[in-house]
Amino acid sequence: QVQLVESGGGLVQAGGSLRLSCAASGRTFSNYIMAWFRQAPGKEREFVASSIWEDITNYLDSVKGRFTISRDSAKNTVYLQMNSLKPEDTAVYYCNAKPRGSDSRGGGGYWGQGTQVTVSS
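Residues numbered from 1 in each chain as written. Predicted model: local features only at pLDDT ≥ 70, side-chain atom pairs only at ≥ 80, totals over all residues. Heavy atoms only, no water.

### Points about the side chain of Arg71
Line of reasoning, step 1. Position of Arg71 relative to the elements: it lies in strand E7 (residues 67-72).
Line of reasoning, step 2. At 3.0 Å, the side chain of Arg71 forms a polar contact with the backbone oxygen of Tyr32.
Line of reasoning, step 3. Polar contacts involving the side chain of Arg71 include one to the main-chain carbonyl oxygen of Ser51, which spans 2.9 Å.
Line of reasoning, step 4. Setting aside residues up to four positions removed in sequence, Arg71 forms contacts with Phe29, Ser30, Tyr32, Met34, Ser51, Ile52, Trp53, Glu54, Thr77, Val78 and Arg100. (Helix = DSSP H or I, 4+ residues; strand = E, 2+ residues; numbered from the N terminus. Polar contact = N/O pair within 3.5 Å; in protein donor to acceptor, adjacent residues only side chain to side chain. Contact = heavy atoms within 4.5 Å.)

And the structure:
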């Protein structure tokens with residue numbers, strides 16, 4: 001079983017930045033597609049970003065140009081750098097890992113516990 005632990009959430013003003021981290025267990029990190037999802041109150045969980053390989057990524061349209069997903073294989077860690085944050089980015093952010101060959105935007109596989117991101121006006 002893959003264990004995922006998120007960190008880096010918090011309260012930030014609109015226009016500010018945060019970097020989320022997701023530490024994955026074991027030495028099988030490179031065998032998985034890594035992704036970030038988020039869920040705002042009263043809304044469905046939605047796809048935010050995925051990393052199929054280090055240089056092959058996908059993003060939700062509303063975060064393109066503002067968010068960047070990256071991975072450090074040596075540390076078994078995936079990051080989500082979030083710049084120019086907006087109040088509508090407020091949500092619980094979840095780390096996700098799934099086998100290669102899966103839909104990179106799909107919700108299968110393993111999940112972290114989530115970390116709260118709150119963006120004030």
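### Digging into the pairing of strand E1 (residues 4-7)
Line of reasoning, step 1. Because side chains alternate across E1, one face comprises the buried residues Leu4 and Glu6, and the other comprises Val5 and Ser7, none of which is buried.
Line of reasoning, step 2. Here E1 pairs with strand E3 (residues 18-24) via four bridges, running antiparallel. The residue bridging Leu4 from the neighbouring strand is Ala24, located in E3. (Buried < 20%, exposed > 50% of the residue type's maximum accessible area, 1.4 Å probe, protein only. Pairing = 2+ DSSP bridges.)

### Regarding the pairing of strand E9 (residues 91-99)
Line of reasoning, step 1. In terms of burial, E9 is largely enclosed, as seven of its nine residues are buried.
Line of reasoning, step 2. One ladder, built from eight bridges, connects strand E4 (residues 32-39) with E9; its direction is antiparallel. Considered in E9, the bridge of Tyr32 is made with Pro99.
Line of reasoning, step 3. Pairing analysis gives three bridges linking E9 to strand E11 (residues 115-120), with the strands arranged antiparallel. In the sheet register, Val92 faces E11, and the bridge partner there is Gln116.
Line of reasoning, step 4. Here E9 runs beside strand E10 (residues 110-111); their pairing, made up of two bridges, is antiparallel. Its bridge partner being in E10, Asn96 is matched across the sheet by Trp111.

### Some words on the nonpolar core
Line of reasoning, step 1. If you look at the biggest cluster of nonpolar residues, it comprises 28 residues, and the most contacted ones within it are Trp36, Leu80, Met82 and Tyr93.
Line of reasoning, step 2. Put simply, the parts of the chain that give this core at least two residues each are E3, E4, strand E5 (46-53), E7, strand E8 (77-82), E9 and E11.
Line of reasoning, step 3. Excluding anything up to four places from it in sequence, Leu80 contacts Leu18, Arg19, Leu20, Trp36, Val48, Ala49, Phe67, Thr68, Ile69 and Tyr93. (Core = buried A, V, L, I, M, F, W, Y, C linked by side-chain atoms within 4.5 Å.)

### A short note on the sheet that holds E1
Consider a sheet: its strands pair through backbone hydrogen bonds, and that pairing is either parallel or antiparallel.
Line of reasoning, step 1. Here four strands make up an open sheet; going across it, the order is E1-E3-E8-E7 and the pairing antiparallel. Each edge of the open sheet is held by one strand with a lone partner, namely E1 and E7. Strand-to-strand twist of the sheet, defined as the mean angle between neighbouring strand axes without regard to direction, takes the value 15°. (Axes fitted to C-alpha atoms, helices over the stretch in contact; angles between N-to-C directions.)

### Here's the deal with the pattern of salt bridges
Line of reasoning, step 1. According to the stated counting rule, one finds four salt bridges in the structure shown.
Line of reasoning, step 2. Here Asp89 ties to Arg38 by a salt bridge, and the two come within 3.0 Å at their closest N and O atoms. Placement of the pair is Asp89 in the loop between E8 and E9 and Arg38 in strand E4, with a sequence separation of 51 residues. Each member of the pair, Asp89 as well as Arg38, is classed as buried.
Line of reasoning, step 3. Here Asp89 ties to Arg66 by a salt bridge, and the two come within 2.8 Å at their closest N and O atoms. One end of the pair, Asp89, is in the loop between E8 and E9; the other, Arg66, is in the loop between strand E6 (56-59) and E7, and 23 residues separate them in sequence. (Salt bridge = Lys/Arg side-chain N within 4 Å of Asp/Glu carboxyl O.)

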